[in-house]
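Residue-level structural notes
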Amino acid sequence: MRIVTVLGARPQFIKASVVSCALSRAGLSETIVHTGQHFDANMSAVFFDELEIPAPNHHLGIGGGTHGQNTGRMIEAIEAVLDGVMPDWVMVYGDTDSTLAGAIAASKLKLRVAHVEAGLRSFNRDMPEEINRVLTDHASTLLFAPTDGAVRQLKLEGIEEAQVCWVGDVMYDASLRYGEKAERVSGVLDALGLERKGYVLSTVHRAENTDSPRRLSCIVEGLGECRDVVVLPLHPRTLGRMRSFGVNLPSNVRVIEPVGYLDMVMLEKNARVIATDSGGVQKEAFFYRVPCVTLRAETEWIELVEAGWNTLSPPEDGHGISESIKRAVGVEGMPIRPYGNGDASERIASCLKNWGPVGTRVAAQSLQETPGSLVRAGRPGLTVPGRGGIDERR
(Lines give C-alpha, C1' and ligand atoms only; values in the text may rest on other atoms or scores of the structure.)
Protein backbone atom coordinates (compact mmCIF):
# COMPACT_ATOMS: atom_id res chain seq x y z
CA MET A 1 0.00 0.00 0.00
CA ARG A 2 1.38 3.36 -1.07
CA ILE A 3 1.13 6.52 1.03
CA VAL A 4 2.21 10.02 0.05
CA THR A 5 2.91 12.28 3.04
CA VAL A 6 2.82 16.04 2.48
CA LEU A 7 4.92 18.13 4.90
CA GLY A 8 5.99 21.73 4.98
CA ALA A 9 6.37 23.17 8.48
CA ARG A 10 8.31 22.45 11.65
CA PRO A 11 5.49 20.83 13.68
CA GLN A 12 4.69 18.51 10.79
CA PHE A 13 8.27 17.24 10.64
CA ILE A 14 8.10 16.35 14.33
CA LYS A 15 4.79 14.51 13.99
CA ALA A 16 5.91 12.68 10.87
CA SER A 17 9.09 11.46 12.57
CA VAL A 18 7.13 9.02 14.74
CA VAL A 19 4.38 8.22 12.24
CA SER A 20 6.84 7.40 9.45
CA CYS A 21 8.55 4.88 11.74
CA ALA A 22 5.20 3.27 12.52
CA LEU A 23 4.29 3.09 8.83
CA SER A 24 7.59 1.40 8.07
CA ARG A 25 7.09 -1.13 10.87
CA ALA A 26 3.64 -1.90 9.48
CA GLY A 27 5.11 -2.59 6.03
CA LEU A 28 3.53 0.45 4.36
CA SER A 29 5.37 2.29 1.60
CA GLU A 30 5.73 6.05 2.09
CA THR A 31 6.73 8.84 -0.31
CA ILE A 32 7.51 12.15 1.43
CA VAL A 33 6.77 15.46 -0.27
CA HIS A 34 8.30 18.58 1.32
CA THR A 35 6.56 21.70 0.05
CA GLY A 36 9.31 24.03 1.26
CA GLN A 37 6.93 26.14 3.36
CA HIS A 38 9.65 26.41 6.02
CA PHE A 39 12.68 27.19 3.93
CA ASP A 40 15.21 28.24 6.58
CA ALA A 41 17.71 25.43 7.24
CA ASN A 42 17.23 25.73 11.01
CA MET A 43 13.50 25.20 10.57
CA SER A 44 13.57 22.43 7.99
CA ALA A 45 16.64 20.36 7.11
CA VAL A 46 17.84 20.13 10.70
CA PHE A 47 14.63 18.36 11.70
CA PHE A 48 15.11 15.64 9.11
CA ASP A 49 18.64 15.11 10.44
CA GLU A 50 17.86 15.18 14.16
CA LEU A 51 14.65 13.18 14.03
CA GLU A 52 15.98 10.66 11.51
CA ILE A 53 13.16 11.26 9.05
CA PRO A 54 13.88 9.83 5.60
CA ALA A 55 14.99 12.51 3.16
CA PRO A 56 12.05 13.85 1.16
CA ASN A 57 11.47 12.14 -2.15
CA HIS A 58 10.26 15.46 -3.56
CA HIS A 59 11.21 18.99 -2.45
CA LEU A 60 8.93 21.57 -4.08
CA GLY A 61 10.75 24.68 -2.85
CA ILE A 62 7.58 26.72 -2.40
CA GLY A 63 7.54 29.39 0.30
CA GLY A 64 7.82 33.07 1.05
CA GLY A 65 4.62 34.21 -0.67
CA THR A 66 1.17 35.07 0.60
CA HIS A 67 -1.19 32.36 1.86
CA GLY A 68 -3.05 32.34 -1.45
CA GLN A 69 0.10 32.34 -3.57
CA ASN A 70 1.71 29.53 -1.60
CA THR A 71 -1.41 27.38 -1.47
CA GLY A 72 -2.08 27.73 -5.19
CA ARG A 73 1.49 26.92 -6.20
CA MET A 74 1.57 23.98 -3.79
CA ILE A 75 -1.65 22.51 -5.18
CA GLU A 76 -0.25 22.56 -8.70
CA ALA A 77 3.08 21.02 -7.71
CA ILE A 78 1.59 18.39 -5.37
CA GLU A 79 -0.92 17.37 -8.03
CA ALA A 80 1.93 16.65 -10.44
CA VAL A 81 3.61 14.39 -7.87
CA LEU A 82 0.40 12.58 -7.01
CA ASP A 83 -0.47 12.06 -10.66
CA GLY A 84 2.81 10.20 -11.06
CA VAL A 85 2.49 8.07 -7.91
CA MET A 86 -1.31 7.63 -7.63
CA PRO A 87 -1.09 6.49 -4.00
CA ASP A 88 -3.71 4.72 -1.90
CA TRP A 89 -3.59 7.52 0.67
CA VAL A 90 -2.42 11.11 0.87
CA MET A 91 -1.54 11.97 4.48
CA VAL A 92 -1.52 15.55 5.74
CA TYR A 93 -0.79 17.00 9.17
CA GLY A 94 -2.16 19.88 11.20
CA ASP A 95 -3.41 23.17 9.78
CA THR A 96 -0.85 24.85 7.51
CA ASP A 97 -1.06 25.96 3.88
CA SER A 98 0.76 22.72 3.01
CA THR A 99 -1.99 20.75 4.77
CA LEU A 100 -4.78 22.35 2.77
CA ALA A 101 -2.88 22.19 -0.50
CA GLY A 102 -2.23 18.46 -0.07
CA ALA A 103 -5.89 17.80 0.74
CA ILE A 104 -7.20 19.79 -2.23
CA ALA A 105 -4.73 18.30 -4.71
CA ALA A 106 -5.63 14.78 -3.57
CA SER A 107 -9.37 15.45 -3.63
CA LYS A 108 -9.25 16.76 -7.19
CA LEU A 109 -7.59 13.51 -8.25
CA LYS A 110 -10.19 11.50 -6.30
CA LEU A 111 -7.51 10.18 -3.94
CA ARG A 112 -8.22 9.37 -0.29
CA VAL A 113 -6.99 11.88 2.29
CA ALA A 114 -5.95 11.00 5.85
CA HIS A 115 -5.73 13.99 8.22
CA VAL A 116 -3.56 13.71 11.33
CA GLU A 117 -4.71 16.05 14.13
CA ALA A 118 -8.27 16.35 12.84
CA GLY A 119 -11.23 17.93 14.61
CA LEU A 120 -9.43 20.75 16.42
CA ARG A 121 -11.15 24.13 16.43
CA SER A 122 -10.31 27.57 17.79
CA PHE A 123 -13.60 28.97 16.39
CA ASN A 124 -11.67 32.02 15.22
CA ARG A 125 -12.16 32.33 11.47
CA ASP A 126 -9.69 35.23 11.34
CA MET A 127 -6.93 32.63 11.73
CA PRO A 128 -5.74 31.13 8.42
CA GLU A 129 -5.04 27.92 10.35
CA GLU A 130 -8.71 27.61 11.32
CA ILE A 131 -9.85 27.79 7.70
CA ASN A 132 -7.16 25.28 6.69
CA ARG A 133 -8.14 22.70 9.31
CA VAL A 134 -11.91 22.95 8.70
CA LEU A 135 -11.58 22.59 4.93
CA THR A 136 -9.07 19.76 5.27
CA ASP A 137 -11.31 17.81 7.65
CA HIS A 138 -14.22 18.01 5.24
CA ALA A 139 -12.06 16.89 2.32
CA SER A 140 -10.70 13.87 4.23
CA THR A 141 -11.67 10.21 4.13
CA LEU A 142 -10.01 9.32 7.43
CA LEU A 143 -9.73 11.76 10.31
CA PHE A 144 -7.25 10.98 13.08
CA ALA A 145 -8.50 12.85 16.15
CA PRO A 146 -6.09 13.54 19.04
CA THR A 147 -8.72 14.17 21.75
CA ASP A 148 -12.27 13.29 22.73
CA GLY A 149 -13.25 16.90 22.11
CA ALA A 150 -12.01 16.65 18.53
CA VAL A 151 -14.10 13.52 18.02
CA ARG A 152 -17.20 15.29 19.33
CA GLN A 153 -16.59 18.31 17.12
CA LEU A 154 -16.36 16.19 13.97
CA LYS A 155 -19.62 14.49 14.89
CA LEU A 156 -21.28 17.90 15.36
CA GLU A 157 -20.11 18.86 11.86
CA GLY A 158 -21.80 15.82 10.35
CA ILE A 159 -18.77 13.68 9.56
CA GLU A 160 -19.58 9.98 9.69
CA GLU A 161 -18.36 8.08 12.73
CA ALA A 162 -16.72 5.40 10.58
CA GLN A 163 -14.37 8.04 9.14
CA VAL A 164 -13.12 9.20 12.55
CA CYS A 165 -10.37 7.43 14.48
CA TRP A 166 -9.50 8.52 18.00
CA VAL A 167 -5.77 7.82 18.15
CA GLY A 168 -4.32 10.23 20.72
CA ASP A 169 -1.70 12.84 19.96
CA VAL A 170 1.40 12.01 17.93
CA MET A 171 3.19 14.93 19.60
CA TYR A 172 3.03 12.99 22.84
CA ASP A 173 4.63 10.04 21.06
CA ALA A 174 7.41 12.36 19.94
CA SER A 175 7.92 13.84 23.40
CA LEU A 176 8.42 10.36 24.85
CA ARG A 177 10.83 9.41 22.11
CA TYR A 178 12.96 12.55 22.07
CA GLY A 179 12.74 13.98 25.60
CA GLU A 180 15.47 11.75 26.99
CA LYS A 181 17.54 12.00 23.81
CA ALA A 182 17.58 15.79 24.16
CA GLU A 183 18.99 15.48 27.67
CA ARG A 184 21.82 13.34 26.31
CA VAL A 185 22.84 15.25 23.21
CA SER A 186 21.72 18.88 23.48
CA GLY A 187 24.19 21.42 24.78
CA VAL A 188 21.97 24.46 24.25
CA LEU A 189 21.73 25.48 27.92
CA ASP A 190 25.49 25.60 28.32
CA ALA A 191 25.95 27.30 24.96
CA LEU A 192 23.53 30.06 25.95
CA GLY A 193 24.68 30.24 29.57
CA LEU A 194 21.20 29.45 30.90
CA GLU A 195 20.33 27.97 34.29
CA ARG A 196 17.57 25.41 34.63
CA LYS A 197 14.30 27.13 35.61
CA GLY A 198 16.09 30.44 35.36
CA TYR A 199 14.38 31.91 32.28
CA VAL A 200 11.10 32.34 30.42
CA LEU A 201 10.89 30.78 26.96
CA SER A 202 8.75 32.53 24.34
CA THR A 203 7.78 31.85 20.73
CA VAL A 204 5.73 34.17 18.51
CA HIS A 205 4.80 33.37 14.94
CA ARG A 206 0.99 33.40 14.41
CA ALA A 207 -0.07 35.82 11.67
CA GLU A 208 -2.79 37.30 13.89
CA ASN A 209 -0.02 38.48 16.25
CA THR A 210 2.87 39.18 13.92
CA ASP A 211 0.81 41.08 11.32
CA SER A 212 -0.65 43.45 13.92
CA PRO A 213 1.63 46.29 15.10
CA ARG A 214 -0.47 46.68 18.25
CA ARG A 215 -0.46 43.01 19.23
CA LEU A 216 3.21 42.52 18.47
CA SER A 217 4.08 45.60 20.51
CA CYS A 218 1.93 44.38 23.43
CA ILE A 219 3.64 41.00 23.41
CA VAL A 220 7.11 42.55 23.44
CA GLU A 221 6.02 44.97 26.16
CA GLY A 222 4.66 42.11 28.27
CA LEU A 223 7.85 40.09 27.88
CA GLY A 224 9.85 43.11 28.95
CA GLU A 225 7.73 43.82 32.03
CA CYS A 226 8.05 40.29 33.40
CA ARG A 227 11.72 41.15 34.14
CA ASP A 228 12.94 37.56 33.91
CA VAL A 229 15.44 36.65 31.23
CA VAL A 230 13.28 35.83 28.21
CA VAL A 231 14.73 33.54 25.55
CA LEU A 232 13.05 34.21 22.20
CA PRO A 233 13.93 31.93 19.26
CA LEU A 234 12.79 34.33 16.57
CA HIS A 235 10.95 33.16 13.48
CA PRO A 236 12.36 34.98 10.39
CA ARG A 237 8.90 36.29 9.52
CA THR A 238 8.43 37.73 13.03
CA LEU A 239 11.83 39.41 12.88
CA GLY A 240 10.86 41.05 9.60
CA ARG A 241 7.62 42.35 11.07
CA MET A 242 9.39 43.78 14.13
CA ARG A 243 11.76 45.68 11.92
CA SER A 244 9.02 47.02 9.66
CA PHE A 245 6.84 48.07 12.63
CA GLY A 246 9.74 49.62 14.54
CA VAL A 247 9.27 47.34 17.55
CA ASN A 248 12.33 47.45 19.81
CA LEU A 249 13.17 44.57 22.13
CA PRO A 250 13.68 45.19 25.88
CA SER A 251 17.06 44.40 27.39
CA ASN A 252 15.81 41.28 29.21
CA VAL A 253 14.63 39.66 25.96
CA ARG A 254 17.37 37.56 24.46
CA VAL A 255 16.81 36.82 20.78
CA ILE A 256 18.30 33.65 19.35
CA GLU A 257 18.00 32.07 15.93
CA PRO A 258 15.46 29.25 15.49
CA VAL A 259 16.88 26.08 17.01
CA GLY A 260 16.63 22.41 16.16
CA TYR A 261 14.01 20.22 17.75
CA LEU A 262 16.22 18.61 20.40
CA ASP A 263 17.55 22.00 21.52
CA MET A 264 13.98 23.32 21.62
CA VAL A 265 12.93 20.40 23.80
CA MET A 266 15.71 21.23 26.25
CA LEU A 267 14.70 24.88 26.33
CA GLU A 268 11.08 23.87 26.97
CA LYS A 269 11.84 21.31 29.66
CA ASN A 270 13.97 23.71 31.66
CA ALA A 271 11.98 26.94 31.33
CA ARG A 272 10.33 28.55 34.33
CA VAL A 273 7.32 29.51 32.18
CA ILE A 274 6.58 29.25 28.47
CA ALA A 275 4.78 32.13 26.71
CA THR A 276 3.72 31.20 23.19
CA ASP A 277 1.14 31.48 20.45
CA SER A 278 2.06 28.03 19.09
CA GLY A 279 -0.39 25.17 19.47
CA GLY A 280 2.37 22.58 19.50
CA VAL A 281 4.48 24.37 22.10
CA GLN A 282 1.44 24.61 24.39
CA LYS A 283 1.21 20.83 24.42
CA GLU A 284 4.94 20.32 24.81
CA ALA A 285 4.86 22.60 27.84
CA PHE A 286 2.24 20.29 29.35
CA PHE A 287 4.22 17.16 28.47
CA TYR A 288 7.21 18.56 30.36
CA ARG A 289 5.13 19.95 33.27
CA VAL A 290 6.00 23.57 32.57
CA PRO A 291 3.29 26.23 33.09
CA CYS A 292 2.24 27.92 29.87
CA VAL A 293 0.81 31.33 28.98
CA THR A 294 -0.84 31.31 25.56
CA LEU A 295 -0.61 34.63 23.73
CA ARG A 296 -4.02 34.31 22.15
CA ALA A 297 -7.68 34.77 23.09
CA GLU A 298 -8.47 31.12 22.38
CA THR A 299 -6.79 27.75 21.99
CA GLU A 300 -7.51 24.42 20.34
CA TRP A 301 -6.26 22.72 23.50
CA ILE A 302 -8.99 23.91 25.84
CA GLU A 303 -8.52 20.90 28.14
CA LEU A 304 -5.16 22.36 29.22
CA VAL A 305 -6.81 25.64 30.20
CA GLU A 306 -9.58 23.84 32.09
CA ALA A 307 -7.02 21.75 33.98
CA GLY A 308 -4.92 24.77 34.96
CA TRP A 309 -1.78 24.00 32.94
CA ASN A 310 -2.38 26.80 30.47
CA THR A 311 -3.50 30.44 30.82
CA LEU A 312 -4.93 32.48 27.95
CA SER A 313 -3.55 36.01 27.77
CA PRO A 314 -4.86 37.90 24.72
CA PRO A 315 -2.15 40.19 23.33
CA GLU A 316 -4.14 43.40 23.78
CA ASP A 317 -2.45 44.49 27.00
CA GLY A 318 1.28 44.18 27.68
CA HIS A 319 0.84 44.53 31.43
CA GLY A 320 -1.73 41.71 31.41
CA ILE A 321 0.75 39.43 29.67
CA SER A 322 3.49 40.17 32.19
CA GLU A 323 1.09 39.54 35.09
CA SER A 324 -0.01 36.23 33.56
CA ILE A 325 3.61 35.14 33.28
CA LYS A 326 4.35 36.11 36.89
CA ARG A 327 1.26 34.27 38.18
CA ALA A 328 2.16 31.14 36.21
CA VAL A 329 5.52 30.62 37.93
CA GLY A 330 5.44 27.38 39.93
CA VAL A 331 1.84 26.54 39.00
CA GLU A 332 0.91 22.91 38.35
CA GLY A 333 -2.41 21.90 36.90
CA MET A 334 -4.71 18.97 37.52
CA PRO A 335 -3.46 15.41 36.79
CA ILE A 336 -5.11 14.86 33.40
CA ARG A 337 -4.22 12.51 30.58
CA PRO A 338 -6.04 13.72 27.49
CA TYR A 339 -3.63 12.72 24.73
CA GLY A 340 -3.42 8.96 24.94
CA ASN A 341 -0.73 6.51 25.90
CA GLY A 342 2.04 7.41 23.48
CA ASP A 343 0.91 4.98 20.78
CA ALA A 344 -0.95 7.35 18.45
CA SER A 345 1.43 6.66 15.56
CA GLU A 346 0.91 2.91 15.87
CA ARG A 347 -2.86 3.41 15.85
CA ILE A 348 -2.60 5.53 12.71
CA ALA A 349 -0.59 2.86 10.89
CA SER A 350 -3.00 0.15 12.04
CA CYS A 351 -6.02 2.13 10.91
CA LEU A 352 -4.58 2.78 7.45
CA LYS A 353 -3.64 -0.86 7.09
CA ASN A 354 -7.12 -1.96 8.10
CA TRP A 355 -8.71 0.19 5.43
CA GLY A 356 -6.32 -1.33 2.90
CA PRO A 357 -5.38 -0.22 -0.63
CA VAL A 358 -7.91 1.43 -2.93
CA GLY A 359 -10.74 -0.96 -3.76
CA THR A 360 -9.72 -3.62 -1.22
CA ARG A 361 -10.93 -2.31 2.13
CA VAL A 362 -11.13 -5.16 4.64
CA ALA A 363 -14.62 -5.92 5.86
CA ALA A 364 -15.25 -4.16 9.16
CA GLN A 365 -16.44 -7.27 10.96
CA SER A 366 -13.11 -9.00 10.30
CA LEU A 367 -11.03 -6.29 11.92
CA GLN A 368 -9.87 -6.24 15.49
CA GLU A 369 -10.15 -2.44 15.51
CA THR A 370 -12.07 -0.61 12.79
CA PRO A 371 -12.10 3.17 12.50
CA GLY A 372 -15.55 3.32 14.03
CA SER A 373 -14.69 1.02 16.91
CA LEU A 374 -11.66 3.14 17.80
CA VAL A 375 -14.03 5.99 18.48
CA ARG A 376 -16.62 3.93 20.33
CA ALA A 377 -14.04 2.21 22.47
CA GLY A 378 -12.50 5.50 23.55
CA ARG A 379 -9.53 4.90 25.78
CA PRO A 380 -8.88 3.93 29.38
CA GLY A 381 -7.94 6.36 32.09
CA LEU A 382 -8.63 10.04 31.46
CA THR A 383 -6.84 10.83 34.71
CA VAL A 384 -3.87 9.35 36.50
CA PRO A 385 -2.71 9.58 40.09
CA GLY A 386 -0.10 12.15 40.93
CA ARG A 387 0.52 15.55 39.44
CA GLY A 388 0.25 14.86 35.71
CA GLY A 389 2.76 15.63 32.98
CA ILE A 390 5.12 13.49 31.02
CA ASP A 391 7.07 11.87 33.85
CA GLU A 392 4.07 9.89 35.10
CA ARG A 393 3.09 8.51 31.72
CA ARG A 394 6.06 6.39 30.80
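Heads up: these notes are all about the structure in this document. This one's a predicted model, so the numbers in the text were calculated from it and none came from an experiment.

Section: the sheet that holds strand E7 (residues 164-166)
Read from one edge to the other, the open sheet built from seven strands follows the order E3-E2-E1-E4-E5-E6-E7, with strand pairing classed as parallel. For this open sheet the edge positions go to strand E3 (58-59) and E7, each flanked by a neighbour on one side alone. Across two bridges, strand E2 (residues 29-34) lies against E3 in parallel orientation. Bridge pairing in E3 places valine 33 opposite histidine 58. Taken strand by strand, helix H4 (residues 97-108) contacts strand E1 (2-7), strand E4 (89-93) and strand E5 (113-116), and its axis lies near 160° from that of E4.

Comments concerning the packing of helix H10 (residues 213-225) against helix H15 (residues 318-328)
Where H10 contacts H15, the axes come no closer than 7 Å and their chain directions differ by 45°. Judged by the angle between their axes, H10 and H15 are oblique. Between H10 and H15 the crossing geometry is right-handed. For the pair H10 and H15, contact is made by Cys218, Ile219, Glu221, Gly222, Leu223 and Glu225 and by Gly318, His319, Ile321, Ser322, Ile325 and Lys326, respectively. Of the residues assigned to the contact of H10 with H15, the class counts are five nonpolar, four polar and three charged.

Regarding the pairing of strand E8 (residues 200-203)
Side-chain positions along a regular strand alternate between the two faces of the sheet. On E8, burial covers both faces: Val200 and Ser202 on one face and Leu201 and Thr203 on the other are all buried. Pairing analysis gives two bridges linking E8 to strand E9 (residues 230-233), with the strands arranged parallel. Considered in E9, the bridge of valine 200 is made with valine 230. Here four bridges tie E8 to strand E11 (residues 273-276), and the two strands are oriented parallel to one another.

Re helix H7 (residues 170-185)
For H7, with 16 residues, the first-to-last C-alpha span of 22 Å sits near the 22 Å given by 1.5 Å per residue. The principal kink in H7, of about 35°, is found at tyrosine 178. For H7, the full list of buried residues reads Val170, Met171, Tyr172, Asp173, Ala174, Ser175, Tyr178, Gly179, Lys181 and Ala182. In this structure aspartate 169 caps H7, since a side-chain oxygen of it lies 2.7 Å from the backbone nitrogen of methionine 171.

Topic: the pattern of salt bridges
By the definition in use, this model includes 23 salt bridges. Note that glutamate 300 is salt-bridged to arginine 133, the shortest N-O span being 2.9 Å. You can see glutamate 300 sitting in the loop between strand E12 (292-294) and helix H14 (302-306) and its partner arginine 133 sitting in helix H5 (residues 128-138), a full 167 residues away along the chain. Note that glutamate 332 is salt-bridged to arginine 289, the shortest N-O span being 3.5 Å. Taken together, the positions of glutamate 332 in the loop between H15 and helix H16 (344-355) and arginine 289 in the loop between helix H13 (279-287) and E12 put the pair 43 residues apart, joining distant regions of the chain. Overlapping salt bridges, with partners in common, bring together Asp95, Glu130, Arg133, Arg296, Glu298 and Glu300 in one network.

Here we look at the nonpolar core
Core analysis: the largest hydrophobic core is formed by 75 residues, its most contacted members being Leu142, Phe144, Leu267, Ile348 and Leu352. When residues of this core are assigned to their parent elements, the largest contribution, seven residues, is made by helix H1 (residues 10-25). If you look at the next biggest cluster of nonpolar residues, it comprises 20 residues, including Leu234, Met242, Ala275 and Ala328.

Remarks on the packing of aromatic side chains
Applying the stated rule across the entire model yields eight aromatic pairs. Ring plane angle 85° and centroid distance 5.8 Å describe the contact between tyrosine 178 and tyrosine 261, whose orientation is recorded as edge-to-face. Here tyrosine 178, found in helix H7, pairs with tyrosine 261, found in helix H12 (residues 261-269); they are 83 residues apart in sequence, far enough to count as distant. Residue classification places tyrosine 261 among the buried residues on the basis of a relative accessible area of 0%. Judged by centre distance (5.6 Å) and plane angle (80°), the rings of tryptophan 301 and tyrosine 339 are edge-to-face. Taken together, the residues tryptophan 301 in the loop between E12 and H14 and tyrosine 339 in the loop between H15 and H16 connect sequence positions 38 residues apart. Across the pair, tyrosine 339 and tryptophan 301 agree in class, each one buried. Taken together, the ring pairs connect Tyr172, Phe286, Phe287, Trp301, Trp309 and Tyr339 into an aromatic cluster.

What counts, and at which threshold
- Throughout, residues of each chain are indexed from 1 in the direction in which the sequence is written.
- pLDDT decides what is reported in this predicted model: residues at 70 or higher carry local features, side-chain atom pairs at 80 or more are listed and counted, and totals for whole chains, interfaces and linings draw on all residues regardless.
- With hydrogens and water excluded, all non-hydrogen atoms of the structure serve as input to the side-chain values.
- Only strands joined by at least two bridges in the DSSP assignment are considered to pair.
- Counting from the N terminus, the helices are the DSSP runs of H or I reaching at least four residues and the strands are the DSSP runs of E reaching at least two.
- What makes two residues a contact is simply this: any of their non-hydrogen atoms within 4.5 Å.
- In this analysis, axes come from line fits to C-alpha atoms, helices being fitted only over the stretch in contact, and the angle between any two N-to-C directions falls in the range 0 to 180 degrees.
- Working definition: roughly parallel below 35 degrees, roughly antiparallel above 145 degrees, roughly perpendicular at 65 to 115 degrees, and oblique for all remaining angles.
- The crossing is said to be left-handed when, going from far helix to near helix, the turn is anticlockwise and less than a right angle, and right-handed when the turn is clockwise.
- Put simply, Ala, Val, Leu, Ile, Met, Phe, Trp, Tyr, Cys and Pro go in the nonpolar bin, Asp, Glu, Lys and Arg in the charged bin, and everything else, Gly too, in the polar bin.
- Partly exposed residues are those whose accessible area sits between 20% and 50% of the maximum for their type, while under 20% is buried and over 50% is exposed, using a 1.4 Å probe and protein chains only.
- Expected helix span is taken as 1.5 Å per residue step, with the number of steps being one fewer than the number of residues.
- Throughout, the bend at a residue refers to the angle made by two axes, fitted to the seven residues ending there and to the seven starting there.
- Identification of polar contacts relies on pairs of N or O atoms within 3.5 Å, with a donor-acceptor requirement for protein atoms, meaning one able to donate a hydrogen and the other able to accept it, and with residues adjacent in sequence counted only if both atoms are side-chain atoms.
- By convention in these notes, a salt bridge is any Lys or Arg side-chain nitrogen within 4 Å of a carboxyl oxygen on Asp or Glu.
- To define a nonpolar core, start from buried Ala, Val, Leu, Ile, Met, Phe, Trp, Tyr and Cys residues and group those joined through side-chain atoms within 4.5 Å.
- Note on aromatic contacts: the rings of Phe and Tyr and the six-membered ring of Trp form a pair at centre separations within 6.5 Å, being stacked when their planes are under 30 degrees apart, edge-to-face when over 60 apart, and tilted otherwise.

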